[in-house]
Amino acid sequence: MQQKCLKTKDNLWVLYNGNEYVVGLTEAAQSDLGKVTFASLPKAGQTFKQGTPLVEVEAEKAVQEFPAPLTGTISSVNEKALENINVLNDEDEMNAWLVAFKDVDATEFNEL
């Protein structure tokens, strides 16, 4: 299974790794927000509908709420980011992942 990564209009990236859909902040989001100081992440097992509030990120320049890019269940949360928020300020946007989804309709993903 080949990985596929798409970007949303809300400056999130969504990576399908063959198992789950990982969501993170794009470089553009990191640049727009400045240094992230806090992120409110959901808990594993919570379900979300596409477009509903998913995470809130507080940073130097703004506080921004990001909507769920997909409908599904949270399968994991970036625990490293909860322990050390600077993970979300990493230059490599793939380290700035927030949550992963399971039980997703692939059609929603392909329409991002």
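Scroll up for the structure.
So, a few notes on the structure that sits alongside this text. Just so it is clear, the structure is predicted and the values come from calculations on it, not from any experiment.

### Re the sheet that holds strand E8 (residues 72–77)
Adjacent strands of a sheet pair through backbone hydrogen bonds, lying either parallel or antiparallel. One open sheet holds the six strands; their spatial order is E1-E2-E3-E9-E8-E5, and the pairing between them is antiparallel. Two strands in the sheet have a free side with no partner beyond their single neighbour: strand E1 (4–7) and strand E5 (47–48).

### Let's talk about the side chain of Thr26
Secondary-structure assignment places Thr26 in the loop between strand E3 (21–25) and helix H1 (27–33). For Thr26, a relative accessible area of 3% translates into the label buried. A polar contact of 3.1 Å, which involves the side chain of Thr26, links it to the backbone oxygen of Asn11. With residues up to four places along the chain from it excluded, the contact list for Thr26 reads Lys7, Asn11, Leu12, Trp13 and Glu93.

### As for the packing of aromatic side chains
Aromatic ring pairs are reported here in terms of the distance separating the ring centres and the angle at which the planes meet. Under the defined criterion, the tally for this structure stands at three aromatic pairs. An angle of 55 degrees between the planes, with centres 6.3 Å apart, marks the rings of Tyr16 and Phe109 as tilted. With Tyr16 in strand E2 (residues 12–16) and Phe109 in helix H3 (residues 106–110), this residue pair connects regions lying 93 residues apart in the sequence. Counting every residue linked through ring pairs, the aromatic cluster contains Tyr16, Tyr21 and Phe109.

### Some thoughts on the sheet that holds strand E7 (residues 63–67)
Spatially, three strands are ordered E4-E6-E7 in an open sheet, and the strand pairing comes out antiparallel. With partners counted over all chains shown, the strands left at the sheet margins are strand E4 (36–40) and E7, one partner each. In this sheet, neighbouring strand axes are inclined to one another by 20 degrees on average, regardless of whether the strands run parallel or antiparallel. Taken together, the four bridges between E4 and strand E6 (residues 53–59) define a ladder with antiparallel strand orientation. Across the sheet, residue Ala39 finds its bridge partner in E6, namely Val57.

### Some thoughts on the nonpolar core
Judged by nonpolar contacts, the single largest core of 31 residues is most densely connected at Tyr21, Leu54, Phe66, Leu98, Val99 and Phe101. Broken down by secondary-structure element, the contributors of at least two residues to this core are E2, E3, H1, E4, E6, E8 and strand E9 (97–102). Looking at this core element by element, the count peaks at four residues for E6.

### Remarks on the side chain of Thr73
Mapping Thr73 onto the fold places it in strand E8. You can call Thr73 buried: its relative accessible area is 13%.

### Some thoughts on the pairing of E2
The buried fraction of E2 is high, at five of five residues. Here E2 shows a buried face lined by Leu12, Val14 and Tyr16 and a second buried face lined by Trp13 and Leu15. As paired strands, E1 and E2 are joined by four bridges and run antiparallel to one another. Its bridge partner being in E2, Cys5 is matched across the sheet by Leu15. In this sheet, E3 lies alongside E2 in antiparallel orientation, the contact comprising five bridges. Residue pairing for E3: Leu15 is matched across the bridge by Val22.

Here is what the cut-offs are and how they apply
- Per-chain numbering applies: the sequence of each chain, read as written, is numbered from 1 onward.
- Where local features are concerned, this predicted model is filtered to residues with pLDDT of at least 70; where side-chain atom pairs are given and counted, the filter is 80 or more; whole-chain, interface and lining totals use all residues.
- Excluded from the side-chain calculations are hydrogens and water; all other atoms, namely the structure's heavy atoms, are used.
- Pairing between strands is defined by DSSP: at least two bridges between the two strands are required.
- Secondary structure counts use DSSP, requiring at least four H or I residues in a row for a helix and at least two E residues in a row for a strand, with both numbered from the N terminus.
- When a residue's accessible area, from a 1.4 Å probe over protein chains only, is under 20% of the maximum for its type it is buried; when over 50% it is exposed; and in between it is partly exposed.
- Two N or O atoms form a polar contact when they lie within 3.5 Å of each other; inside protein one atom must be a possible hydrogen donor and the other a possible acceptor, and for residues adjacent in sequence the pair counts only when both atoms belong to side chains.
- Between two residues, a contact is recorded if the distance between any of their heavy atoms is within 4.5 Å.
- Two rings belonging to Phe, Tyr or Trp (six-membered ring only in the last case) form a pair when the distance between their centres is within 6.5 Å. Interplanar angles under 30 degrees mark stacking, angles over 60 mark edge-to-face geometry, and anything in between is tilted.
- Interaxial angles span 0 to 180 degrees and are taken between N-to-C directions of axes, which are lines fitted to C-alpha atoms, for helices over the stretch in contact.
- Put simply, a nonpolar core is a bunch of buried Ala, Val, Leu, Ile, Met, Phe, Trp, Tyr and Cys residues held in one set by side-chain atoms that sit within 4.5 Å of each other.

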